Each structure stands twice: as C-alpha cells, then as structure tokens.
Amino acid sequence: MSAAPVTYTFLGPAGTFTEAALMQVPDAAEAIRVPSSNVNTALDKVRDGSADAAMVPIENSVEGGVTATLDAIATGQELRILREALVPISFVLVARPGTRVEDIRRISTHGHAWAQCRLWAENNIPNAEYIPGSSTAAAAMGLLEGDIHYDAAICAPIVAAEQPGLSVLAENIGDNPGAVTRFVLVGRPGQLPEPTGADKTTVVVPLPEDRPGALMEILDQFATRGVNLSRIESRPTGQYLGHYFFSIDADGHVADARVADALAGLHRISPATRFLGSYGRADGHRTIVEPHTSDQAFRAAHAWVKDILSGASVVPEYTSKASPTA
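Conventions we followed
- Each chain has its residues counted from 1, following the order in which its sequence is written.
- In view of the model being predicted, local features appear only for residues whose pLDDT reaches at least 70, and side-chain atom pairs are presented and counted only at 80 or more, with totals across whole chains, interfaces and linings using the full set of residues.
- The side-chain values count all of the structure's non-hydrogen atoms but skip hydrogen atoms and water molecules.
- Two strands are said to pair when DSSP picks up at least two bridges between them.
- Numbering of helices and strands starts at the N terminus; helices are DSSP runs of H or I of at least 4 residues and strands are runs of E of at least 2.
- Here an angle of 0 to 180 degrees is reported between the N-to-C directions of two axes, which are lines fitted to C-alpha atoms, with helices fitted over the stretch in contact.
- The classification of residues rests on relative accessible area computed with a 1.4 Å probe and restricted to protein chains. Under 20% of the type maximum is buried, over 50% is exposed, and intermediate values are partly exposed.
- Salt bridge, as used here, is a side-chain nitrogen of Lys or Arg placed within 4 Å of a carboxyl oxygen of Asp or Glu.
- The contact criterion used throughout is that any non-hydrogen atoms of two residues lie within 4.5 Å.
- Just so you know how the angles are binned, under 35 degrees is roughly parallel, over 145 roughly antiparallel, 65 to 115 roughly perpendicular, and the rest oblique.
- Helix crossings are classified by the rotation of the near helix relative to the far one: an anticlockwise turn of less than a right angle makes the crossing left-handed, while a clockwise turn makes it right-handed.
- Basically, the charged four are Asp, Glu, Lys and Arg, the nonpolar ten are Ala, Val, Leu, Ile, Met, Phe, Trp, Tyr, Cys and Pro, and anything else, Gly included, counts as polar.

*Asks:* Can you lay out the sheet that holds strand β12 (residues 199-206) for me, pointing to particular residues and giving the numbers?
*Replies:* Across the sheet, four strands lie side by side as β13-β14-β12-β15; this open sheet has antiparallel pairing. With one partner strand each, in any of the chains shown, β13 (229-236) and β15 (274-280) form the two edges of the open sheet. The average angle at which neighbouring strand axes cross in this sheet is 15 degrees, direction not considered. In this sheet, β15 lies alongside β12 in antiparallel orientation, the contact comprising six bridges.

Here's what the structure looks like:
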C-alpha cells in the first residue's frame, strides 16, 4: 500500500514568489499543492491537519520581517520551521491590453511588493492610488476578471508570461535590484532536522517584565555562550500597550551545546519562550565556533564540575583550535 501524497499549502494563487520558494523543496513537484489566500489560513491548514506543511514568507532584504508570519507563528498551536528558502525578487507592471502607463489611476499588489516598488511608482505614476492585494499573483489575476476596481498590478514576471490576457507595461521596476525574500516551510512539531553545521534556530521570547536591562538579560544568554544572532525583531503581543515579544534567529542548532545552553537560560528568564525550530540555512553559510564555546569545551566544563562534586581532580582537556562547526 503506497503512502498518501504529501500536501503543501502556500500563499497563492499559483505563480507567487511563495510557490517558487515551495518548488525548492525536493518533493514539492510530486506533492499536492494547495494555494491559501493569506498566511493565517495557510498555517491553520497545517494546524488542523489538512496540509502537512506551509510555505510562507518571513523576511525580506528590503522591508525586514513579514509581520503577518511573525505574529501568526508566535501564537496559537505550536508549529515548527522545517527549512528555509531564498528567492530573488523582481517585479513587472501589468495591465489589460491597450492600457497605457499614463492611464493608470489605481494599482494593486501585495504590501511588501508595493514597498519595494514605491520609488519607481512615485517617479512614473505619481498620482496612482495603491490598492492592497492579498498577493502579487492575486492582484495580477484580478485584472482578468470582469469587474475590477484598479487599472494595473505589480507581480512576478512568471505570472505575466503565463497569462496572455496581461500586457507588460514595465519590467524590473523594483527599487532594489538585489532584493531577496526568505521563506520558511512550517509544519507540526516532530523530529527535528539533523544538524548540518550551517544551521539556524528560531525562537520567540516574550519580554517578561518591562524594566531597564530586561532585553540585555535576554541577549546575554546568547552573547555569553558565543551564539550569534542573525535577526531580532520586536512585535507587540496585542495584550496591552507596551507588551512585546522578540522574534530571534540564532546561528546554530539546538543540538549544539552552546545553543541548547542559551535556550535553557532563556527559559529560566522567560518561561513562555517558544521554540520554533532548528533547520539548515538556505545559503549554506557555516557557523564559526570559538574554541571555548564548542561542544567539546562544554563537555569538558561539565566533566570538570562533575569531578569537583565527586571529589576527583582530573581535568579533561579540549583542543584550543577553532572549528567551523559545533
């Protein structure tokens, strides 16, 4: 009896940058792929079991964190990030055939796409009104419907290429040619991906008390153990004004002694800390580990303390040569 096919959901419709990120997953081409209208809907499908995992955007090199994703995975039933994907971003301006740039009065796209094309729009269609869209592809596909309330859309080049009913008015309209969006594949808690030496760990840490030094205590858990942070962002919890949590990406895997020790320290300070996963970095960048924060150093230190408690005097040794991995 053959196993049931894997079901993935993504921020749709077809043709979005999110689908391009999903197609980087090895088995995505043979899997069932279900588009979702927004991030919350996609993650709810994972939570209720109608999808095995969801691909959603989490960070952009221009705009920073995708707040809808950061907030959605920080609350509710726990989820795990299984892997990440990087997608270079470029945009085109599309409209119905016969539309000219000077005819555009309203333009639709996703909020992050609009932010990345704002300067181009100000220089070329300064009087156009922005109409928010659920995704770049949805905005473009909306132009093919009978009753629409905008004149043009900003989308990925692949959408325009696959839809003969759309006319490309301008290409490469992004304000930052090297823009990249980071996506994460999110599933239900289970077995963690194996450490690769080029890993990332994501956690959500509520600020337990708003007082001087509270954030420093959180950061010290990483700094004193030699764990580098590649991203840290504050988000309101929504409970009351001034109550925040921190979304953090740390270099390393929870299986690394220095990372595990840092997470244990975080939990002591903020027991509501949420572990969102340890997974391989999409860029393959390997973590440089200082000798005193290597797994071997941690083992030697624990053995030293154990010997003290047992009355022994043997001091285990560890190499002082830096290693590229934990």
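*Asks:* Can you tell me about the pairing of strand β14 (residues 244-251), naming the residues and giving the values?
*Replies:* The two faces of a sheet get side chains in turn, since along a regular strand they alternate between them. Most of β14 is tucked away, with seven of its eight residues classed as buried. Note: β12 against β14, seven bridges, orientation antiparallel. The partner of Val205 across the bridge, within β14, is Phe246. One ladder, built from seven bridges, connects β13 with β14; its direction is antiparallel. By the bridge assignment for β14, Leu229 is matched with Ala250.

*Asks:* Tell me about the pattern of salt bridges, and name the residues and values.
*Replies:* Scanning the model with the defined rule gives 18 salt bridges in all. One salt bridge in this structure joins Arg188 and Asp52, with 3.9 Å as the shortest N-O distance. Of this pair, Arg188 sits in the loop between β11 (180-187) and β12 while Asp52 sits in the loop between α2 (39-47) and β3 (53-60); the two residues are 136 residues apart in sequence, bridging distant segments of the chain. Among the residues examined, Arg188 registers a relative accessible area of 33% and is labelled partly exposed. We note a salt bridge from Arg281 to Asp283, for which the minimum N-O separation is 2.9 Å. If you follow the salt bridges from partner to partner, you end up with Glu59, Glu84, Arg182, Lys200, Arg231, Glu233 and Asp249 in one network.

*Asks:* Explain the sheet that holds strand β8 (residues 129-132) residue by residue, including any values.
*Replies:* Taking strand neighbours across the sheet as the criterion, the five strands line up as β8-β7-β9-β6-β10 in an open arrangement whose pairing is mixed. The sheet is open, and its two edges are formed by β8 and β10 (167-171), each paired on a single side. Averaged over all pairs of adjacent strands, the angle between strand axes in this sheet comes to 30 degrees, irrespective of strand direction. Note: strand β7 (residues 106-109) against β8, four bridges, orientation parallel. Following the sheet pairing, Ser108 is matched in β8 by Ile131. Sheet strands in contact with helix α4 (residues 111-124) are β6 (92-95), β7, β8, β9 (152-155) and β10, and its direction is about 135 degrees off that of β7.

*Asks:* Provide a residue-level description of the packing of helix α7 (residues 214-223) against helix α8 (residues 257-269), including the pertinent values.
*Replies:* Between α7 and α8, the least distance of the axes is 8 Å, while the angle of their chain directions is 160 degrees. With respect to each other, α7 and α8 are oriented roughly antiparallel. The handedness of the crossing between α7 and α8 is right-handed. Contacts from Glu217, Ile218, Gln221 and Phe222 in α7 reach Ala262, Gly265, Leu266, Arg268 and Ile269 in α8. When the residues that make up the contact of α7 with α8 are grouped by side-chain class, the tally is five nonpolar, two polar and two charged.

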